[in-house]
Amino acid sequence: MKRERQADSNPFPYSDSNKRYYTYDYYLRQTYGEKCAKISLDAGLSCPNIDGTCGEGGCIYCSPAGSGDFTQGASLTIREQYERQIALMTAKWPCRFFIPYLQAHTNTYASVSRLREIYEETLSLSGAVALHIATRADCLPDDVLSLLAEVAEKIDLTVELGLQSIHDRTAQAIGRGHTYADFCRGFSDLRSASKKIRIAVHLINGLPEEDQSMMLESAVAVGELHPEQIKFHLLHVLRHTRMAALLESGRYEPMSEDAYVSTLVRQLERTPDDIVIGRVTGDGAKADLLAPLWSLKKFCVMNHLDRMLFEENTWQGKRTHSP
Ligand code: SF4
């Protein structure tokens, strides 16, 4: 007798596989007709949490590369970084469409004229079908919002906002430098700036002193804001960060794989089904990762998640209308 595959009984509407959540891969294939590759870039900008404007030393987990560990580095131009990374990637995985991603540091934190130069350079890259810009919700002044609205007329634009947690006590502990109220203001300003701008919100599970109920509250609150995309990360403790010192002193206990996957399941169940899930794990720079080491087996974690969703017969959005 033929064994039933997980995909055969998948009730989730935005999927053509066994995935019971709205993957970014599915979204890209539906939107552009084929797989696209995201190319991480470093425009050489800084961050108000690093230069002393609202903090020094950065968020407690931020790497010296400003969370842009997979770029080719700002000593190269944006075009050089883009072309080099595509050459490396397409040698293993042929691909025609690309998504430049201004990832390192805060990519709306400069004068409008400097930002215009950077965005225009990314718009001119060949094969680029969309643009992602990573920033913070407290770095969206009116003139930058107008520029983003202008860019969104020229290319599919997603602005990625690092929130990590809705809890202000956590924001203080990690040195995020702005409150949840500041985040909501920035989110709403971005929404009003242009209907064409897609918004992605980043959340991190496993932040110091957060339990599962707090992580769930963050996912529910962000689901209610209804961005187009949510990225769920696992907190990676990297060498040369303040988190590394916390780990070494024994004052931080990393999440176990079971706790992480079961938290994700509960979060996905309460996330509206039409929100794209940009990530379900983080990608730490392998050489610098101190903990949790189980996260290095990314495909095992993703399979664990698929299995648990299947075994519990649940999926993204299943509990958005019930407690
Ligand atoms: S906001 Fe981003 S770039 Fe700035 S310190 Fe925090 S993680 Fe690093």
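Predicted, not measured: the structure shown is a model, and the values here were computed from it.

A. Fine view of the sheet that holds strand E2 (residues 97-102). As summarised here, the arrangement of the 7 strands in space is E1-E2-E3-E4-E5-E6-E8, forming an open sheet in which the pairing is parallel. With partners counted over all chains shown, the strands left at the sheet margins are strand E1 (36-41) and strand E8 (276-279), one partner each. Direction aside, the axes of adjacent strands within the sheet are offset by 25° on average. Two elements, strand E5 (residues 198-205) and strand E6 (residues 229-234), share 6 bridges in a ladder whose sense is parallel. Across the sheet, the residue bridging to Ile204 is His233, located in E6. In the packing of helix H6 (residues 180-193) onto the sheet, contacts are made with strand E4 (156-164) and E5, and the angle to E4 comes to roughly 170°. The strands touched by helix H7 (residues 212-225) are E4, E5 and E6; relative to E5, the strand with the most contacts, the crossing angle is about 175°.

B. Examining the pattern of salt bridges more closely. In this structure the tally under the stated criterion is 19 salt bridges. For Lys35, the salt bridge identified is with Asp25, shortest N-O distance 3.0 Å. Linking Lys35 in the loop between helix H1 (24-32) and E1 with Asp25 in helix H1, this pair joins segments that are 10 residues apart in sequence. Judged by relative accessible area, Asp25 falls into the partly exposed class, the value being 29%. Two residues, Asp138 and Arg136, come together in a salt bridge whose shortest N-O distance is 2.9 Å. Under the relative-accessibility criterion, Asp138 is labelled partly exposed at 30%. Connected through shared salt-bridge partners, Arg266, Glu269, Arg270, Glu312 and Arg319 make up one network.

C. Structural detail: the side chain of Lys231. The residue Lys231 is located in strand E6 in this model. Overall, Lys231 belongs to the buried group, its relative accessible area being 4%. Within the local environment of Lys231, its side chain forms a polar contact with the side chain of Glu160, the two groups lying 2.8 Å apart. When residues no more than four places from it in sequence are discounted, the contact partners of Lys231 are Lys38, Tyr101, Glu160, Val201, His202, Leu203, Gly278 and Arg279.

D. The arrangement of the pairing of E1 in detail. Of all 6 residues making up E1, 5 are buried, and the element is well covered by its neighbours. Sheet topology places E1 next to E2; 6 bridges connect them, and they run parallel. Looking at the pairing, Ala37 lines up with Phe98 of E2.

E. Spatial organisation of the site of the ligand. Around the ligand sit 10 residues in total, of which Cys47, Gly58, Cys59, Cys62 and Arg136 are the nearest. By residue class, the composition of the shell around the ligand is 5 nonpolar, 4 polar and 1 charged.

F. Looking closely at the side chain of Ser165. Mapped onto the secondary structure, Ser165 falls in the loop between E4 and helix H5 (168-174). Residue Ser165 is classed as buried on the basis of its relative accessible area of 0%. In terms of polar contacts, Ser165 uses its side chain to reach the side chain of Glu210, at 2.6 Å.

G. Region of the structure containing helix H4 (residues 142-152). Within H4, the full set of buried residues consists of Val144, Leu145, Leu147, Leu148, Ala149, Val151 and Ala152. Looking at the buried side of H4, the elements it contacts are helix H3 (112-123), strand E3 (130-135), E4 and H6.

H. Just the environment of Lys195, in detail. Relative to the helices and strands, Lys195 resides in the loop between H6 and E5. Classification of Lys195 as exposed rests on a relative accessible area of 85%. Taking the C-alpha atoms as reference points, Lys195 and Thr77, separated by 118 residues in sequence, lie 31 Å from one another.

I. Just unusual backbone geometry, in detail. Omega for the peptide link from Ala291 to Pro292 comes to -10°, which places this bond in the cis form. With respect to the helices and strands, the residue Pro292 is situated in the loop between strand E9 (289-291) and helix H10 (298-311). Phi at Glu209 takes a positive value of approximately 65°, unusual for a residue other than glycine. Along the chain, the position of Glu209 falls in the loop between E5 and H7. Notably, His226 is not glycine yet its phi reads approximately 60°, a positive angle. Its location among the elements puts His226 in the loop between H7 and E6.

J. The packing of H7 against helix H9 (residues 257-269), seen in detail. Two elements in contact, H7 and H9, have axes whose closest approach is 9 Å; the angle formed by their N-to-C orientations is 35°. The interaxial crossing formed by H7 with H9 has right-handed handedness. For the pair H7 and H9, contact is made by Gln212, Met215, Leu216 and Ala219 and by Ala259, Ser262, Thr263, Arg266 and Gln267, respectively.

Criteria and thresholds
Residues numbered from 1 in each chain as written. Predicted model: local features only at pLDDT ≥ 70, side-chain atom pairs only at ≥ 80, totals over all residues. Heavy atoms only, no water. Pairing = 2+ DSSP bridges. Helix = DSSP H or I, 4+ residues; strand = E, 2+ residues; numbered from the N terminus. Axes fitted to C-alpha atoms, helices over the stretch in contact; angles between N-to-C directions. Contact = heavy atoms within 4.5 Å. Salt bridge = Lys/Arg side-chain N within 4 Å of Asp/Glu carboxyl O. Buried < 20%, exposed > 50% of the residue type's maximum accessible area, 1.4 Å probe, protein only. Polar contact = N/O pair within 3.5 Å; in protein donor to acceptor, adjacent residues only side chain to side chain. Near = heavy atom within 4 Å. Nonpolar A, V, L, I, M, F, W, Y, C, P; charged D, E, K, R; others polar. Left-handed = near helix turned anticlockwise from the far one by under 90°.

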